[in-house]
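# Results of the structural survey
These are the residues of each chain, in order.
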Amino acid sequence: DEAHVYRGVFGSHVANLVRRLRRLCRRFGSDPQFVLCSATIANPSEHAERLVGMPFRVVEEDGAPYGGKDFVFWNPPMIDVAEGSRRSSAAESALLLTELLQRRVRTLAFVRSRRMAELLYVSVRDRLREESPSLAGRVAAYRAGYLPEDRRRIERDLFEGRLLGLTATTAMELGIDIGDLDATILSGYPGSIASAWQQAGRSGRRGDRALSVLVALDNPLDQYLMRHPQTFFGKPFESARISPSNPYVLKPQLLCAAYEAPITAEDAELFGADLAAHTQELTDEGLLRQEAGRWHLEPDVTYPAENVNIRSTSSSFYTLVEEASGAILETMDESSAFVEMHPGGVYLHQGEPYLVTDLDLESHTAYAVRTDVPYYTQARDLTETRVLNVFKGKAAGTVKASLGEVAVSTQVVGFRRIAHYSGEVLGEEYVGLPVRSYNTVSLWFDIPPETVVRLRFERRDLAGGLHAMEHAAIGVLPLFALCDRNDIGGISTPLHPDTGKPQVFIHDGHPGGVGIAEHGYEVIEDLWRATLDVVSQCPCGSGCPSCIHSPKCGNNNQPLDKQVARELLIGTIG
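Counting of residues starts from 1 at the beginning of each chain's written sequence and follows it residue by residue. Local features in this predicted model are restricted to residues whose pLDDT is 70 or higher, and side-chain atom pairs enter the listing and the counts only when it is 80 or higher, whereas totals over whole chains, interfaces and linings include all residues. Hydrogens and water are ignored here; the side-chain numbers use all heavy atoms of the structure.

## So, the overall build of the chain
A count of helices and strands for the chain gives 17 helices and 21 strands. Radius of gyration here is computed from C-alpha atoms only, and the compact-globule reference equals 2.2 Å multiplied by the residue count raised to the power 0.38. A globule of 574 residues ought to have a C-alpha radius of gyration of about 25 Å, and the chain, at 24 Å, matches this closely. Counting across all 574 residues of the chain, residues that qualify as buried make up 54%. Contact criterion: two residues are considered in contact whenever any of their non-hydrogen atoms come within 4.5 Å of each other. Of the contacts made within the chain by residues no fewer than 6 positions apart, 70% connect residues no fewer than 24 positions apart. Each accessible area value is a Shrake-Rupley result obtained with a 1.4 Å probe; residue values ignore everything except the protein chains displayed when judging cover. Carbon and sulfur atoms make up 50% of the accessible area of the chain, which totals about 24,500 Å². Counting 58 positive and 75 negative side-chain charges, the chain places the averaged centre of each group 3 Å from the other. In DSSP terms, a helix is any run of H or I states spanning at least four residues, a strand is any run of E spanning at least two, and both are numbered starting from the N terminus. The buried label applies to any residue whose accessible area, calculated with a 1.4 Å probe on protein chains only, is under 20% of its type's maximum; exposed applies above 50%, and partly exposed to all values in between. Only four residue types enter the charge count: Lys and Arg as positive, Asp and Glu as negative, with His and the chain ends excluded. The atom standing in for a charge is NZ when the residue is Lys, CZ when it is Arg, CG when it is Asp and CD when it is Glu.

This is the structure:
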């Protein structure tokens, strides 16, 4: 079920899980039939075949009960037009959810992150305590990271009517029966048209008329949709992309397959033509051994599946522990742990804030204490990209665009303390965590030399323009690829050491790549045009979160130059 959700790293792992299942079925004389259900995507046949490795027939007629839906685009009001600042999506979503719950409208509010699920829940709970105390206990948060028993309890309470409202991440998308819902709130565009309709579709499933509200975030993609609603309601659905042959995904899965039954050359039909190369690498690493044309696990490799996180390419897990009681609160992969569980960070768990006191890199354990501080934290990092291999290049607009393999090095160097409701930055602190490095796929493109010469002659801010152009393009790319902004990274520089000229890189945020940069390379000119629309049509004076600011920027969104970015885009498009 929900086949569209199995994309990116998650989908690449699931594709290999299905191949392992088919392999075992074949050994026992079974030949199962696969039926995949999905929200609407542009490539259902291709995606199903890549997930399972078998041909499929597509059935496109929709027979689901449907009583009609009112779909509202809700753009938070401007606070300062010159600065481009708006009321926050969280504040508007909290107002909407509180109002709907007070009217006894069963509502599910989708948010973009674990932290926001907690913040929205706390805000709505506190409002209800003041205005409708009897309802304060009928709202909850739901997200990945909770213990399984807590998630099952919340699902049961919602299904049986004890809960009236829920704030949830996409963890609630996955085919969980939560009964009748009257309304859905999407606090921020979820990254794709397919996901937006899937989340909106959680209300009105019994044939009654339903309400869905998309509350825009203050970022380039959401604001582009608010100004171009026909893009959402008229644009074809995106394609789901996976990469089952990504070695960071496939090699751990091959260890799991060897645990289930020795690997043979015939398994290349399932796992691809590079099977022999991967098994040799695993043999060289001391994880497999070859005997009579079969690869077995080495005896000291006990149960490889416990080291595989199917939602990540990382095999390292960190555990969050409450210091006073020793209770385990949550687990997460290493890349997320460095960003969320660094010393001094504030982590929200089931609406309660915890202050991280220590991150033990040896035991992979973070220790935290309960706190009541009125802020949350946001990590800062530094990223460097080096070109390893150029796959291909093409003329695009007035310049050359390239696609290839790059090495990305990222280090969390500090964090900001940000006030809960106002978003004011209260202070910054330094933190030194190890550098994380990985190889991935990136696109990059040149800048017209005559534009560069002119800007330098006029003593304009080339670095700020490139930085702004990179931020805006990354913000808009999810419009073309079925991905989340957090799945993408990038850098820009007036002089890159590997090319000797100004460059903008946009790379997959996962080791090995999952197809996002490749698609960006294919549609690069469309991406530039949409990025120019975002930069040109935003009413702010010098840049804001709606156009060129990025919440992920490791350099505190400095330097940025909106006007130079616009001129660079015009020169690049030609």
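Alright, that's what it looks like, and here's the rest.
## Quick word on the packing of helix α9 (residues 247–260) against helix α11 (residues 275–284)
Running from N to C, α9 and α11 cross one another at 70°; their axes reach a closest spacing of 10 Å. Here α9 lies roughly perpendicular to α11, going by the angle between them. Taken together, the residues of α11 that come into contact with α9 (itself represented by P247, L250, K251, L254 and L255) are L275, H278, E281 and L282. Side-chain classes follow a simple rule in which Ala, Val, Leu, Ile, Met, Phe, Trp, Tyr, Cys and Pro form the nonpolar group, Asp, Glu, Lys and Arg form the charged group, and the remainder, Gly included, forms the polar group. Taken together, the residues of the contact of α9 with α11 break down into 6 nonpolar, 1 polar and 2 charged. Only C-alpha atoms enter the line fits that serve as axes; for helices the fit covers just the stretch in contact. Angles between N-to-C directions range over 0 to 180 degrees. An angle below 35 degrees is treated as roughly parallel, one above 145 as roughly antiparallel, one from 65 to 115 as roughly perpendicular, and anything else as oblique.

## Some thoughts on the environment of V387
Its location among the elements puts V387 in strand β16 (residues 375–396). Judged by relative accessible area, which is 21%, V387 ranks as partly exposed. Here V387 is in contact with E405, V406, W444, H496, D498 and F505, once residues within four sequence places are set aside.

## Focus on the sheet that holds strand β12 (residues 328–333)
Should DSSP find at least two bridges between two strands, the strands are regarded as paired. Spatially, 5 strands are ordered β12-β11-β15-β14-β13 in an open sheet, and the strand pairing comes out mixed. The strands lining the two open edges of the sheet, one partner per strand, are β12 and β13 (346–349). Across the sheet, the mean angle from the axis of one strand to that of its neighbour is 35°, orientation sign disregarded. For strand β11 (residues 317–322) and strand β15 (residues 365–370), the ladder comprises 4 bridges, and the chain directions are parallel. Residue pairing across strands places E322 opposite A368, the latter belonging to β15. Of the strands in this sheet, β12, β13 and β14 (352–360) are in contact with helix α4 (residues 114–131), which crosses β13 at around 70°.

## A short note on the environment of P304
Topologically, P304 is positioned in the loop between β10 (294–297) and β11. By relative accessible area, which is 7% here, P304 ends up buried. P304 sits 177 residues away from A481 along the chain, and the two C-alpha atoms are 32 Å apart. If sequence neighbours within four positions are ignored, P304 has contacts with L255, C256, Y259 and L297.

## Details of the pattern of salt bridges
Here a salt bridge means any side-chain nitrogen of Lys or Arg lying within 4 Å of a carboxyl oxygen belonging to Asp or Glu. Under the criterion given, the structure shown has 30 salt bridges. The shortest N-O distance in the salt bridge between R209 and D70 comes to 3.1 Å. Note that R209 is positioned in the loop between α6 (193–200) and β8 (210–215) and D70 in strand β1 (residues 69–74), a separation of 139 residues in sequence. On the accessibility criterion, D70 (37% relative accessible area) is partly exposed. Shared partners join several salt bridges into a network, and the residues in it are R114, E118, R143 and E330.

## Considering the sheet that holds strand β7 (residues 183–187)
Here 6 strands make up an open sheet; going across it, the order is β1-β8-β7-β4-β6-β5 and the pairing parallel. Strands with a single pairing partner mark the edges of an open sheet, and in this sheet they are β1 and β5 (139–142). Sheet twist, expressed as the mean angle between neighbouring strand axes with direction ignored, is 15°. Bridge analysis of strand β4 (residues 107–110) against β7 gives 4 bridges, and the strand direction is parallel. When the bridges of β7 are listed, L108 appears paired with T184. Along the sheet, helix α3 (residues 89–102) makes contact with β1, β4, β5, β6 (165–168), β7 and β8, crossing β7 at roughly 170°.

## Regarding the pairing of β6
Every second residue of β6 is oriented toward a common face, with G165 and T167 on one face and L166 and A168 on the other, all of them buried. In this structure, β4 lies alongside β6, joined through 4 bridges in parallel fashion. Following the sheet pairing, L108 is matched in β6 by L166. Bridge analysis of β5 against β6 gives 4 bridges, and the strand direction is parallel. Along β6, the bridge assignment pairs Y142 with A168. Here a crossover is taken to be right-handed if, once the strands point away from the viewer, the path from the first strand over the helix to the second is traced clockwise. In this region the chain leaves β5, passes through helix α5 (residues 148–159) and returns to the parallel neighbour β6; the handedness of that crossover is right-handed.

## Things to note about helix α7 (residues 220–227)
Taken across its 8 residues, α7 has 7 buried, putting it largely inside the fold. At its buried positions, α7 is contacted by β1, β3 (85–86), β8, α8 (229–234), α14 (462–476) and α16 (524–537). At the N-terminal boundary of α7, the capping side chain belongs to N219, with an oxygen 3.2 Å from the backbone nitrogen of L221. Here a polar contact is recorded for every N or O atom pair within 3.5 Å, except that within protein the pair must consist of a potential hydrogen donor and a potential acceptor, and residues adjacent in sequence are included only if both atoms are side-chain atoms.

## Here we look at the nonpolar core
Only buried residues count toward a nonpolar core, which is a set of Ala, Val, Leu, Ile, Met, Phe, Trp, Tyr and Cys residues joined through side-chain atoms within 4.5 Å. Within the largest apolar cluster, 63 residues are counted, with the highest numbers of intra-cluster contacts made by Y189, F445, I506, W528 and L568. In terms of residue count, the dominant contributor to this core is α14 (8 residues). With residues near it in sequence (within four places) discarded, I506 still touches S442, L443, A473, I474, L477, I488, G489, G490, A517 and L527. Grouped together as the second largest cluster of nonpolar side chains are 37 residues, V105, A109, V122 and I154 included.

## Here we look at the state of the cysteines
Any pair of cysteine sulfurs within 2.5 Å is marked as a disulfide. Taken as a whole, this structure holds 0 disulfides when the rule is applied. Just so you know, C25 is unpaired, no disulfide at all, and the nearest cysteine sulfur is the one on C256, 17 Å from it. Unpaired in terms of disulfides, C540 finds its nearest cysteine sulfur in C544, a separation of 3.6 Å.

## Considering the side chain of T167
With respect to the secondary-structure elements, T167 resides in strand β6. In this structure T167 comes out as buried when scored by relative accessible area, which is 0%. Within the structure, the side chain of T167 is placed 2.8 Å from the backbone oxygen of A117, a separation counted as a polar contact. In contact with T167, other than residues within four places in its own chain, are L97, A109, A117, L120, Y121, A140, A141 and Y142.

## Examining the environment of H364
Within the fold, H364 resides in the loop between β14 and β15. Once the C-alpha coordinates of H364 and N555 are considered, the two residues, 191 residues apart in sequence, prove to be 27 Å apart.

## Focus on unusual backbone geometry
Unusually for a residue other than glycine, R104 sits at a positive phi of about 60°. Mapped onto the elements, R104 comes out in the loop between α3 and β4. Even without a glycine there, the phi angle at R459 is positive, about 55°. The topology assignment puts R459 in the loop between α13 (449–457) and α14.

Structural measurements only, silent on function.
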